[in-house]
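Read off the chains here:
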Amino acid sequence: MKKGESARSEMSGDRRNGYRKGPSRAPEFFERCMSVMQSGTQMVKLKNVSKGLVRLFYLDEHRSCIRWRPSRKSEKAKITIDSLYKVTEGHQSDIFHRHAEGNFDPGCCFTIYHGNHMESLDLVTSSAEEARTWVTGLRYLMAGISDEDSLAKRQRTHNQWMKQTFEEADKNGDGLLNIDEIYQLLHKMNVNLPRRKVKQMFQEADTDEQQGTLTFEEFSVFYRMMSLRRDLFLLLMCFSEKKDHLTVEELGNFLRVEQKMSSVTMEYCLDIIDKFEVSDENKQKGLLGIEGFTNFMRSPACDVFNPQHNEVNQDMDQPLCNYFIASSHNTYLTGDQLLSHSKTDMYAWVLQAGCRCVEVDCWDGPDGEPMVQHGYTLTSKINFKSVIETINKYAFVNNEYPVVLSIENHCNIQQQKKIAQHLKEIFNEKLDVGDVLNRDSKQLPSPNSLKGKILIKGKRLPPYLSADAEEGEVSDDDSADEIEDDCKLKNSTSNGPTQHLVESHIRKKLDSLLRESQISDREDADSFSIRALLRATHEGLHKNLRKNSKECLKKSHSRSFISNLKQKRHSKSRLKCHSVDTDDDGQQEASSKETAGQLNRCGRRRKTMKLSRDLSDLVVFTNSVVSQECLDEGPIMNVLSFSEARAQHLAHHRAERFLNFNQRQLSRIYPSAYRIDSSNFNPQTYWNVGCQLVALNYQTEGRMMQLNRSKFMVNGGIGYVLKPPPMCKGSFNPCSEDPLPACPKKQLVLKIISGQQLPKPPDSMLGDRGEIIDPFVEVEIIGLPVDCCKEQTRVVDDNGFNPVWEETLSFTVHMPEIALVRFLVWDHDPIGRDFVGQRTVAFSSLMPGYRHVYLDGMTEASIFVHISVHDIYGKWSPLVLNPSYTILHFLGTNKGRQLRGFRGLFSKSSKCSVDTNVAAAPRKRSVTTHLLRRTASAPAKGRKKSKKVLSETSLDGKDSNGDAKPQAIGRSTGPRMTLQHRPASMPLDRFLQSQLTLSSPEPDGLDPGADTVIEN
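Let me begin by describing the structure that accompanies this report. A quick note: this is a predicted structure, and the numbers were derived from the prediction, not measured. (Residues numbered from 1 in each chain as written. Predicted model: local features only at pLDDT ≥ 70, side-chain atom pairs only at ≥ 80, totals over all residues. Heavy atoms only, no water.)

## Digging into the sheet that holds strand β30 (residues 832-842)
Selection rule: In this scheme, strands are said to pair when DSSP sees at least two bridges between them. A run of DSSP states H or I qualifies as a helix once it reaches four residues; a run of E qualifies as a strand once it reaches two. Both are numbered from the N-terminal end. Axes, fitted as lines to C-alpha atoms, cover a helix only where it is in contact. Angles between the N-to-C directions of the axes lie from 0 to 180 degrees.
Strand order across the open sheet formed by four strands is β27-β26-β29-β30, with antiparallel pairing between neighbours. Where the open sheet ends on each side, the last strands, each with one partner, are β27 (789-792) and β30. On average, each strand axis in the sheet is inclined to that of its neighbour by 20°, with strand direction left out of account. Pairing analysis gives eight bridges linking strand β26 (residues 775-782) to strand β29 (residues 820-829), with the strands arranged antiparallel. Each bridged residue has a counterpart across the sheet, and for I782 the counterpart in β29 is L820.

Structural data, given as structure tokens:
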């Protein structure tokens, strides 16, 4: 549909509502736009500074990214089309507002929003026609990306990655790769092949007249030769009776037996062959060769994540209290809690990312218009009306499920009435919940019944007030007051030299510590300590102020946010309810009854504030109430807010009571105000006790946000996930060792088979020139306390391109509905380990069988695994080795000599032999055992790394040179049974039952390598 002029001025460039090709816009029109963009356009790039920079912007030849020159970033000066969030026209961004005096023609201005944090690229063209060409072209590209399916996206990103890899390897820019450039590329890709082997493949791929160099097409052939997968080839042979292809029947058998797919038809198998097979001859015969099989196994169809979970798949008609709800804390901030900018665009981003509860902190503003800011800090301010307009526009772009608007009110009565006026005028019918209100009053409404509605969470006037009263007093205890008065940055609007000094040194310390946190172990929750931040900032401020000023800071600044933090954090108060002492952090509160005569947690009288009737009446189902110690049942519409430390105390000491409370009412958990770096707590702690609104700082990427995203991907990413039935009704203690004794447990058996194209650590000091990595895989279960554990594989030396582990890890999970499975890849180092990548998936979203786990944010990097899940009944956990054996076991040990002939077809073998003697029972190992596992293949000090290639068929405990392999500490080595070949048509379970003898376990004679299930 062709858009009108009024629509062009709107911020309508988001992906889901991307630019649509209408009948009046022929393909030739868009091709002309692409041609102009690829030719390049000189534009002014605006920045925070007073003047802009003139640069040549152009679309690269693959139409995959926007580049510009000149730039000090060189090749990194680009923005990928995949990362584009939206494109807006005119003076809509903050940067353009700051350059208002520039008198730029709005028709020549546009802004590109990109990246995870909604970064903006603000550009000014010399004519309105150029601006329209770029806006139209970019929206066209974004619409094409949003319309493609997962398979098309996978193929497109792979092709772009191949072209980008080729261009980066082409150092002299001649469009060809010589042998030296190939060597450098292989080192960058962590490939450790003999040069003789590389030269042989290079010569086989170099088929044109210009010998000694590879074109892109020849490089693609070289890459396919190098990437031929031994594990997938052997897997194919297992189901093809040793042939190099699968028939339709054999493919169907593989899908049913190993991939656990039901309703596999011949038409479905033929469709797979048609999509993935590269040979036309095989397509005509209905055969799937090794390249087609590889393409299929690496496609989204064989991803570890259940594709059905990309859509809503849960019951959405239960009360709101039965759902986990994706929630944001201080949504408007783009960075830390002290100095960062506030942007309305953050609301657009988090809402479209699936967040369903956003926070708005309202303060008195100039000209009677309320502002949104983080109080008592140096963060910037934004207009409240602009925030509400942005929320109204983006609240239901991606899904229609209700949005909770958490309002923290610090305004006077006049500006409160202005807030209510803006809410009514902008949200209009979205606030009308009259139909839902007249239904069952004994429970909260369901997400389905509130579709398209916005719920205002805030204070309500007490019921004893007369209905005619225009205002009244309510409690003013909220998250803004977690930092006491003496620790706040007061008079934050002043611009004196002292404040500038404070701001500059706080910013300097924040920046340095943030850089340090990025370099350090990203998976270590304590690697970036808020205590270190406070201590460094405190010392830096006082040292500098003594040097530059003869007199001390005024009280409002000297104690602005540093001086009393430690003693405030360790202060204690006596609670009245049950005479329970506070926890170590001293952040417990006295009581929740909102009477002015009671004391707060610091021994002071509770603060109250005036509340307008107009604003109070907008609060219907979500009435904000100060958290209680007693957790007494109140009206179902009360939402209790808990600070992080307060909620943690309840979760650890009163978990069962907290869980029962959350079965009827909503609770909201927010980060401690001492997290001035905008770091996040572990949300799993509060999900375990049924807390619905666990608010995180969405602007801070890291482990906790990765857990949050994975949690809400279970139900289509709509921001609502149904809690497990035991959390909705009944009672149990989530902190006990056996929380649900009457329910069967699940055993997750993971065979970590191999890795593909694992890159160097992102923070490697030498970058691509660094050493080839020594990877190992760690798998972590995150759920109830009894389920939380980690296991890891051995280390494979000098191979990040195709390492092979063939190692089995086993986990017992008591409540799989709430558990997350986290796959991590590390680079082993003699003095530690370096983070390579991760992927987190909800337990309930795991797909069985052979699956690829693609690491987040990486195009090609993955690990290949086999997944199986078993029910466990009774008290004792069974011992289960991977039911799929190794791929070699499928073929039978007597075929070992035949298999040696295959070795030359593949890339270099892993230096780690197949380890089938892995016990599933011992979940906890000693520190020594863990160190031995991590360093099993690491070289001893002063000794070169062993380059021995172990025999693939060495199943008797010896390597290819006849030396006995060292046994892991704590593992017994009983006699091994003879392995028989399993017919491809026989289900695995039947084969195991027919081959293995079940016997009672003997303390000294149990063979942990046996694939046995021991039941009560």
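## Focus: the sheet that holds strand β28 (residues 804-813)
Strand order across the open sheet formed by four strands is β28-β25-β32-β31, with antiparallel pairing between neighbours. Looking at which strands have only one partner, the edges of the open sheet turn out to be β28 and β31 (849-854). Pairs of neighbouring strands in the sheet enclose a mean axial angle of 30°, with direction left out of account. The pairing of strand β25 (residues 745-756) with strand β32 (residues 862-872) spans eleven bridges and is classified as antiparallel. The residue bridging Q747 from the neighbouring strand is H870, located in β32.

## Details of the packing of aromatic side chains
Definition in use: Centre distance within 6.5 Å is the pairing criterion for rings of Phe, Tyr and Trp, where only the six-membered ring of Trp is used; planes under 30 degrees apart are then read as stacked, over 60 as edge-to-face, and the remainder as tilted. For every residue, the accessible area obtained with a 1.4 Å probe (protein chains only) is divided by the maximum for its type, and the residue is called buried under 20%, exposed over 50%, and partly exposed between those limits.
Enumeration over the complete set of coordinates arrives at 18 aromatic pairs. Pairing F276 with F296 gives two aromatic rings, centres 5.5 Å apart and planes at 65°, and the pair type is edge-to-face. Of this pair, F276 sits in helix α11 (residues 266-276) while F296 sits in helix α13 (residues 290-297), and the two are 20 residues apart along the sequence. Here F276 and F296 have matching classes, each one buried.

## Quick look at the pattern of salt bridges
We apply this condition: The salt bridge criterion pairs a side-chain nitrogen of Lys or Arg with a carboxyl oxygen of Asp or Glu, the two atoms within 4 Å.
Across all of its chains, the model carries 21 salt bridges by this definition. Between R298 and E860 there is a salt bridge; the shortest N-O distance is 3.6 Å. Of this pair, R298 sits in the loop between α13 and β12 (323-328) while E860 sits in the loop between β31 and β32, placing them 562 residues apart in sequence. For the pair formed by R298 and E860, the shared burial category is buried. Where salt bridges share partners, they join D303, R839 and D856 into one cluster.

So yeah, pure geometry; function would need other evidence.
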